[in-house]
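Per-entry structural report
One letter stands for each residue in the lines below.
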Amino acid sequence: MTDAKKLFIKTYGCQMNVYDSERMAETLEGYEQTDRPEDADMILLNTCHIREKAAEKVYSELGRYKNLKSEKPDLKIGVAGCVAQAEGEEIMKRQPLVDLVVGPQAYHRLPDLVKRTSNGAKALDTDFPEEDKFTRMKGRPKARRAPAAFLTVQEGCDKFCAFCVVPYTRGAEVSRPSSQVIREAQDLVERGVREVTLLGQNVNAYNGHDTGLAGLIWDLAEIDGLERIRFTTSHPNDMDDALIAAHGECSKLMPYLHLPVQSGSDRILKAMNRKHTAESYIRLIERLRDARPDLMLSGDFIVGFPGETEQDFEDTLSLVREVRYGSAYSFKYSARPGTPAAEKDDIDGAEATERLRKLQALLTEQQRAAQDAQVGNEVSVLFEKEGRQEGQMVGKSDYLHAVHVAHEDARIGQIAKVKIVESGTNSLKGEFLREIA
Ligand code: SAH
Ligand code: SF4
Ligand code: F3S
């Protein structure tokens, strides 16, 4: 019997927040997680500030907890993540039911913050402390876990794209030492993990190893039992020769790369302060494909950036046609407080919506084609969980496609060769051939 208190965490935004939510839950000793807010003694929202809609969701979610708090006055409500960092004081003012606010670089101090709220006081910590939060937190628990895990290796961003809040919410670029990352990866493998995705806002700027991210990947590839390595998100300007080469030479590095370009117009790229051109991006993709011909590419796009003309948008469509993406994310520009682009006039909203629709139609078509082209191929699949239908297993292929397999021998954590037989709406169907790891 435990009398542990219950913690409900809701995570918004990027994979780095998913990783942070796990680590926050682990630092809160005496709490166990629940997926029902109404059962919770503490509710923590791990938030995202990237676009206006993302940030506004936080306030509407908090509004929903009003009744819970009046029924259970001891309930603690906390806001973490990038909205906490950007609007900490304002959250406290706008939503009196919030007890604590903690920024992404200060969450190792969560247990103290919670203590400070025990007599009804409020606690706020949005420092960018000198100390490394990862060395201040206790070791990770030893429980078994799912076969694919995220591992943050780099945080923050020094790029200052004109539209983006990340350099302000996450602070300057900092890399974790490779020895620390390798220890954490070994520990994950002992707990059943077979695939790690290395995370960073600018992950290929990683400098915690003498030879950068490529050096780290090669060291991680030495770990027995760790079968697959991925990384995200990269900036085109930090893709060095060693990392390009690793895509062709390191068999554990998966052939999938998320490499955002944002726009295909040099005029807009310049206004965005991206410091690369459409041409240099396309040349980079060519070099990557020379190293690894079957590399699946994914990207991010912003349409309707201030000053974007019809011609600029056409240039984006041309770039997409030339690159041929396996998947992609596209967004309508959202002006964010404190960023240089927010000073400029927005383009017509209806026009931006129409451009987004066109771009998404093209990207969906490419995604569909890439998925359909898998039919008949043999791919490797890491099984992650049981499918919704009885007797089915679901896993991810090397190219990150979801693959369903009906096979009684397939088990979670196994990697198998699978023959793809059908392409469905959002996933592939395959036949189990043989176990490979
Ligand atoms: N560090 C990554 C991802 C940053 S945020 C990178 O450099 O690519 C993820 C994506 O959100 C960005 O790639 C961009 O496409 C989008 N995004 C960022 N700020 C935005 C804004 N103000 N409006 C619309 N989309 C935005
Ligand atoms: Fe934002 Fe640009 Fe940094 Fe990516 S590289 S996090 S888009 S500032
Ligand atoms: Fe959002 Fe912060 Fe990630 S703004 S995208 S949660 S780094």
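Structural notes, computed from the coordinates. (Residues numbered from 1 in each chain as written. Chains lettered and ligands numbered in written order. Predicted model: local features only at pLDDT ≥ 70, side-chain atom pairs only at ≥ 80, totals over all residues. Heavy atoms only, no water.)

**Some thoughts on the site of ligand 3**
- Near ligand 3, the surroundings consist of Cys 14, Asn 17, Thr 47, Cys 48, His 49, Ile 50, Cys 82, Arg 170 and Gln 201.
- Residue composition of the shell around ligand 3, by class: four nonpolar, four polar and one charged. (Near = heavy atom within 4 Å. Nonpolar A, V, L, I, M, F, W, Y, C, P; charged D, E, K, R; others polar.)

**Some words on the site of ligand 2**
- For ligand 2, the full set of nearby residues is Cys 157, Lys 159, Phe 160, Cys 161, Phe 163, Cys 164, Val 166, Pro 167, His 235 and Arg 274.
- Here the shell around ligand 2 is composed, by residue class, of seven nonpolar, one polar and two charged.

**Re the packing of helix H13 (residues 310-323) against helix H14 (residues 349-372)**
- Where H13 contacts H14, the two axes come as close as 10 Å, and the packing angle between them is 10 degrees. Our classification of the angle between H13 and H14 gives roughly parallel. Here Glu 310, Phe 313, Thr 316, Leu 317, Val 320 and Arg 321 of H13 come into contact with H14, specifically with Glu 351, Arg 355, Lys 358, Leu 359, Leu 362, Leu 363 and Gln 366.
- Tallied by class, the residues present in the contact of H13 with H14 amount to six nonpolar, two polar and five charged. (Axes fitted to C-alpha atoms, helices over the stretch in contact; angles between N-to-C directions. Helix = DSSP H or I, 4+ residues; strand = E, 2+ residues; numbered from the N terminus. Parallel < 35°, antiparallel > 145°, perpendicular 65-115°, else oblique. Contact = heavy atoms within 4.5 Å.)

**Thoughts on the sheet that holds strand E2 (residues 31-33)**
- Taken in spatial order, the six strands of this open sheet run E2-E1-E3-E4-E5-E6, and their pairing is parallel. Where the open sheet ends on each side, the last strands, each with one partner, are E2 and strand E6 (123-125). Along the sheet, successive strands turn relative to each other by an average axial angle of 20 degrees, direction set aside.
- Two strands pair when backbone bridges link them, and strand E4 (residues 76-80) and strand E5 (residues 100-102) are joined in this way by three bridges, in the parallel orientation. The residue of E5 that forms the bridge with Gly 78 is Leu 100.
- In the packing of helix H2 (residues 52-64) onto the sheet, the strands contacted are strand E1 (5-11), strand E3 (42-47) and E4, and the crossing angle to E3 comes to about 170 degrees. (Pairing = 2+ DSSP bridges.)

**Section: the packing of aromatic side chains**
- Counted by the stated rule, this structure contains six aromatic pairs.
- Ring plane angle 75 degrees and centroid distance 5.6 Å describe the contact between Phe 160 and Tyr 168, whose orientation is recorded as edge-to-face.
- Ring centres of Phe 163 and Phe 305 lie 6.4 Å apart, and the angle between their planes is 85 degrees; this geometry places the pair in the edge-to-face category. Here the residue Phe 163 occupies a position in the loop between strand E8 (154-155) and helix H7 (166-169), and Phe 305 occupies one in the loop between strand E13 (296-303) and H13, the gap between them amounting to 142 residues.
- By relative accessible area, which is 10% here, Phe 163 ends up buried.
- An aromatic cluster of at least three residues, connected via ring pairs, comprises Phe 163, Phe 305 and Tyr 333.
- It is Arg 51 that lies over the ring of Phe 331; its NZ or CZ is 3.7 Å from the centre.
- Above the ring of Tyr 59, the side-chain terminus of Arg 94 is found at 3.5 Å from the ring centroid. (Phe/Tyr/Trp six-rings, centres within 6.5 Å; stacked < 30°, edge-to-face > 60°. Buried < 20%, exposed > 50% of the residue type's maximum accessible area, 1.4 Å probe, protein only. Lys NZ or Arg CZ within 6 Å of the ring centre and 35° of its normal.)

Just geometry here; none of it tells us what the structure is for.
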